[in-house]
Amino acid sequence: MTVQTLTNAILILLLICWIGYRQLTWRPVAISKMWRFPAIMAVVGLVTIGQQVPSSSLTPLDLAIVAGEIVLSLGVGAWMGGIAQFRKLETPVQVGKDARDVAVYESRTGVFGMVLWLVVLAVRIGVDIIASASGAHLVTATGVILLVFAANRAARTAVFAARLDRHAALAA
């Protein structure tokens, strides 16, 4: 087992625990704050890929597999945003230092959201094994895990924002 494989395994385990907790508990929703995390993860993922993978070693198979994983992650993230349950808070809550980070609603995706997250991870692990055997090595880079995760969270946030905008329009 290489250091990169061990790092990836630890990263996936931490993400499973963190996302699992967040899927199952009610969390305040501040859309402006929700966009920050996927943006940071995407930047860190791209920088990590740039450091780990020389561009001369990229193959069309690498790019196709990563693109497919990102599309799958976007789709499941949108699905998670679509199944999320919302409830209005009795009083708005400041959830960050920025004045824009005020939550009026809280949400959770519940057990089904956790199942969807586990499906993304199972597909990710399966693709990693198959791609490595096929000679596509970009998919095993830690940065790709971060990009897939960022895509999932960004799609979820986009659907949250659209649903909450519609709800606000109906309530007005």
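Quick look at the structure, then. (Residues numbered from 1 in each chain as written. Predicted model: local features only at pLDDT ≥ 70, side-chain atom pairs only at ≥ 80, totals over all residues. Heavy atoms only, no water.)

**Here we look at the side chain of Glu106**
Part 1 of the reasoning: Tracing the chain through its elements places Glu106 in strand S3 (residues 102-108).
Part 2 of the reasoning: Of note is the side chain of Glu106, whose polar atom sits 2.5 Å from the side chain of Arg87.
Part 3 of the reasoning: Setting aside anything within four residues of it in sequence, one finds Glu106 in contact with Trp26, Arg27, Pro28, Val29, Gln85, Phe86, Arg87 and Leu89. (Helix = DSSP H or I, 4+ residues; strand = E, 2+ residues; numbered from the N terminus. Polar contact = N/O pair within 3.5 Å; in protein donor to acceptor, adjacent residues only side chain to side chain. Contact = heavy atoms within 4.5 Å.)

**Re the packing of helix H3 (residues 60-83) against helix H4 (residues 110-134)**
Part 1 of the reasoning: Two elements in contact, H3 and H4, have axes whose closest approach is 10 Å; the angle formed by their N-to-C orientations is 175 degrees. Between H3 and H4, the angle falls in the class roughly antiparallel. Residue-level inspection shows Leu61, Ile65, Glu69, Leu72, Val76, Trp79, Met80 and Ile83 of H3 in contact with H4, the latter providing Phe112, Gly113, Leu116, Trp117, Val120, Val123, Arg124, Val127, Ala131 and Ser134. (Axes fitted to C-alpha atoms, helices over the stretch in contact; angles between N-to-C directions. Parallel < 35°, antiparallel > 145°, perpendicular 65-115°, else oblique.)

**What to know about the nonpolar core**
Part 1 of the reasoning: Within the largest apolar cluster, 15 residues are counted, with the highest numbers of intra-cluster contacts made by Leu15, Trp117 and Phe149.
Part 2 of the reasoning: Those elements giving two or more residues to this core turn out to be helix H1 (3-24), H3, H4 and helix H5 (142-171).
Part 3 of the reasoning: Beyond its immediate chain neighbours, meaning those up to four positions away, Trp117 contacts Leu15, Ile16, Ile19, Met80, Phe149 and Asn152.
Part 4 of the reasoning: In this structure, Leu138, Val144, Leu147 and Val148 belong to the second largest nonpolar core, which totals eight residues. (Core = buried A, V, L, I, M, F, W, Y, C linked by side-chain atoms within 4.5 Å. Buried < 20%, exposed > 50% of the residue type's maximum accessible area, 1.4 Å probe, protein only.)

**Quick word on a nonpolar patch on the surface**
Part 1 of the reasoning: The grouping of Leu24, Leu72, Trp79, Val111, Phe112, Val115, Val119 and Val123 at the surface amounts to a nonpolar patch, some 680 Å² of accessible area in total.
Part 2 of the reasoning: Looking at the nonpolar patch, the element that brings in the most residues is H4, giving five residues.
Part 3 of the reasoning: As for its placement among the helices and strands, Trp79 is situated in helix H3. (Patch = residues over 30% accessible without salt bridge, like charges linked within 9 Å, V, L, I, M, F, W, Y side chains within 5 Å. Areas by Shrake-Rupley, 256 points an atom, 1.4 Å probe, with all protein chains shown as cover. Salt bridge = Lys/Arg side-chain N within 4 Å of Asp/Glu carboxyl O.)

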